[in-house]
Amino acid sequence: MTRYTAEIPYGAYWSTPFARWQGSFASLHSVRFAAHVAKNELAKRNIDPQTIDYGVLGFSVPQQHAFYGLPWLTGLVGATRAGGPTMMQACATGVRTLLAAAQEIEAGMADVALIVNCDRTSNGPHLYYPNPRGAGGTGSSEDWVLDNFGCDPLGGHSMVQTAENVAAKHRVTTSQQHELVLRREAQYDDALKDDSAFLRRFMTLPFEVPSGDFRKIAGTLDGDEGVSRSTAEGLAKLKPVMDGGTVTFGGQTHPADGNAGILVTTPEQAKALSKDPAIAVRLRGFGLARTELAYMPEAMIPAARRALDQAGRGIADMTAIKTHNPFAVNDIVFARETGANLETINNFGCSLVWGHPQAPMGTRAIIELVEELALRGGGYGLFTGCAAGDTAMAVVVEVGDR
C-alpha cells in the first residue's frame, strides 16, 4: 500500500459553472479564461500566488499560443515563481494532473502546486496539415473536436460505438440507460437545493462571465448552463443514435466549456492554506488502466481497482463514489462489475448531467467528491473515469480530521 503525504488544502479548489457548447463561454480563450478565474479564486481565499512554486496545466483542445502552456498561465495568475508541464490525457487529464502535482510534492521539488484544467469544445480549432508531396501539393485537414469524437485512429470507431459495444456485451438496454439518466438528474437537483448550496461550496455564484478581452463583465450565470431536464416520456421517444443500437442522445452527455483548479501541498502548507485547518484531504491511491480496443467504458473498472489496491481499500470502504459517465452505460456496468450501489454513485451531479468539457471534468468531480465526504463527516472516496483511447484513471481520497 502506497502512502502519499501530499494533501489538498480543504477549500483550496474551485470550478466555473459548465456551459453547453456554443454557450456563454464559447468565445473565451480557455487558457486565458482559466487564468482569469484562478487569479480571482486565489484572491478570494487570500492565497498569495507567489507561494505557488509549481504548476500543472491540463487541456485537450488546443488554443492560440497554447505552446507556452503552464508558464503562460501562471504568469497571468501572478504565480511567477511557478513552472511546470502542460498535459493532455483526454478525460483522464484531471487525475493525471493531480498525480503529477502530488509526485512533485512527494519528491520534495515543490511545496505548493497549482493544478488548472481547462477546455473549450466550442469553436474548436480547424487544422490544416501541409504536405507538399501530396496530390497537387495538398495536405489534410482536421476538425479537432468533432473528428476526434467520431474516430479513434486505432480502430476507426466512434466514441458512441465503444458504448454500444459495452452495452451489447453486458446486455444493457435503452430503458435501463434512461432510468439511470432520470436518477442522475434527480441527484443533481440536490446540488441546486437551497439556492445551489452544494455548488456554492466550491463555485462562485452568480458567476460573472468576462468579455473576450477580460476587461469587463459580459453577463452572469446562476449555475451550469444548458443542462437537459428529462422526462420518462421524452426519453422513451428517442431513437438510438446508431442503427440497431441502444444509446440515445438522452443517454449520453453533451460537450461543454469551463475550467477548474486545485492546490496540492505538503501537510504543513495544507493546514496553513485550508479554510478549515481541522480538515485534512489526503491522496491515498491512483490507478491507470487500459481495456480492449473499442470498449472504452470498461476501462474505469480496472483503473478503480488499481487505485483501491494502492490505497489498501475495497469498494465497500468507499463513503462516496464519483464517476465520469459520458454514457449511462458506464455507471451501469461499473456497478455490476464492482458491487457499487448504482443508486448512490454520483450524488449531487456528474458529467452525464452537467456536461463534458474534457480536461476539467475530472477536476470538478474530485472537488465534488471531497465536498460530499466533508458533508458526511469524512471517509474514503473514489473517482474513476474513462478517456479516449480505451483508457481510464482513478483516484482515492480520504477526508478526515487532522
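First, a word on scope: everything that follows refers to the structure included in this document. Since the structure is predicted, the reported quantities are computational estimates derived from the model, not experimental observations. (Residues numbered from 1 in each chain as written. Predicted model: local features only at pLDDT ≥ 70, side-chain atom pairs only at ≥ 80, totals over all residues. Heavy atoms only, no water.)

### As for the overall build of the protein chain
In terms of helices and strands, the protein chain carries 12 helices and 15 strands. Rg of the C-alpha trace for the protein chain: 20 Å, near the compact-globule value of 21 Å for 402 residues, within the 12% margin. Once the C-alpha set of the protein chain is aligned to its principal axes, its extents read approximately 60 × 55 × 40 Å. Taking all 402 residues of the protein chain together, 59% fall into the buried category. Contacts in the protein chain between residues far apart in sequence, at least 24 positions, make up 78% of those at least 6 positions apart. Accessible area for the protein chain stands at about 15900 Å²; split by element, carbon and sulfur atoms hold 51% of it. Side-chain charges of the protein chain comprise 35 positive and 42 negative groups, with the mean position of each set lying 1 Å from the other. (Helix = DSSP H or I, 4+ residues; strand = E, 2+ residues; numbered from the N terminus. Rg over C-alpha atoms; globule rule 2.2 N^0.38 Å. Buried < 20%, exposed > 50% of the residue type's maximum accessible area, 1.4 Å probe, protein only. Contact = heavy atoms within 4.5 Å. Areas by Shrake-Rupley, 256 points an atom, 1.4 Å probe, with all protein chains shown as cover. Lys, Arg positive; Asp, Glu negative; His and termini not counted. Charge placed at Lys NZ, Arg CZ, Asp CG, Glu CD.)

### Considerations on unusual backbone geometry
Looking along the chain, the bond that leaves L205 and enters P206 is cis, with omega of -5°. In this structure, P206 sits in the loop between α6 (174-196) and β9 (207-210). Here the phi dihedral of N346 falls at roughly 70°; this positive angle occurs in a residue that is not glycine. One can find N346 in the loop between α10 (328-338) and α11 (351-354).

### A few points about the layout of surface pockets
What the largest pocket holds in volume is close to 600 Å³. Around the largest pocket, the lining is made up of 27 residues, and of these F249, Q252, T253, H254 and P255 lie nearest the centre. Its residues placed into classes, the lining of the largest pocket shows 15 nonpolar, 10 polar and 2 charged. Along the wall of the second largest pocket there are 23 residues; nearest its centre are A90, N148, M159, A388 and G389. Sorting the residues of the lining of the second largest pocket by element identifies α4 (144-150) and α5 (159-170) as the ones contributing at least two each. Take the lining of the second largest pocket: its biggest share by element is 4 residues, from α4. Broken down by class, the residue content of the lining of the second largest pocket amounts to 12 nonpolar, 9 polar and 2 charged. (1 Å grid on protein atoms, 1.4 Å probe; cavity = no way out; pocket = protein on both sides within 12 Å on 5 of 7 lines; lining within 4 Å. Points joined across faces, edges and corners; volume = space filled by probe spheres on them. Nonpolar A, V, L, I, M, F, W, Y, C, P; charged D, E, K, R; others polar.)

### A word on the packing of α6 against α10
Describing two packed helices takes the angle between their axes plus the distance from one axis to the other. Where α6 contacts α10, the two axes come as close as 9 Å, and the packing angle between them is 95°. The angle between the axes of α6 and α10 places the two elements in the roughly perpendicular class. Along the contact surface, α6 presents Q176, Q177, L180, V181 and R184, while α10 presents A328, V329, D331, I332 and R336. (Axes fitted to C-alpha atoms, helices over the stretch in contact; angles between N-to-C directions. Parallel < 35°, antiparallel > 145°, perpendicular 65-115°, else oblique.)

### Structural notes on the environment of F202
For F202, the location among the structural elements is in the loop between α6 and β9. With a relative accessible area of 1%, F202 lands in the buried category. Taking the C-alpha atoms as reference points, F202 and E41, separated by 161 residues in sequence, lie 9.8 Å from one another. Apart from residues lying up to four places away in sequence, F202 is in contact with Y13, W14, S15, R45, R364, I367, E368 and E371.

### As for the pattern of salt bridges
The final tally for this structure, using the stated rule, is 15 salt bridges. Between R229 and D189 there is a salt bridge, and its shortest N-O distance comes to 2.2 Å. Of this pair, R229 sits in the loop between β10 (217-221) and α7 (232-236) while D189 sits in helix α6, and the two are 40 residues apart along the sequence. For E372, the salt bridge goes to R376, with nearest N and O atoms at 3.1 Å. Via salt bridges that share partners, D224, K322, R364 and E368 belong to a single interconnected network. (Salt bridge = Lys/Arg side-chain N within 4 Å of Asp/Glu carboxyl O.)

### Remarks on the packing of aromatic side chains
Across all of its chains, the model carries 9 aromatic pairs by this definition. On the numbers, 6.3 Å between centres and 75° between planes, the contact of Y10 with Y13 is edge-to-face. This pair shows no difference in class: Y10 is buried, exactly as Y13 is. Note on F67 and Y68: the rings are 5.2 Å apart at their centroids and 80° apart in plane angle, and the pair reads as edge-to-face. One aromatic cluster is present, formed by F25, F33 and F207 through successive ring pairs. The aromatic ring of Y295 is capped on one face by K169, whose charged end is 5.7 Å from the ring centroid. Directly above the aromatic system of W354 lies the positively charged group of R364, at a separation of 4.3 Å from the ring centroid. (Phe/Tyr/Trp six-rings, centres within 6.5 Å; stacked < 30°, edge-to-face > 60°. Lys NZ or Arg CZ within 6 Å of the ring centre and 35° of its normal.)

### Here's the deal with the pairing of β10
In terms of strand pairing, β9 meets β10 through 4 bridges, oriented antiparallel. By the bridge assignment, P210 is partnered in β10 with I217. Where β9 folds back on β10, the antiparallel hairpin that results is connected by 6 residues, among which F214 adopts a positive phi of roughly 60°. (Pairing = 2+ DSSP bridges.)

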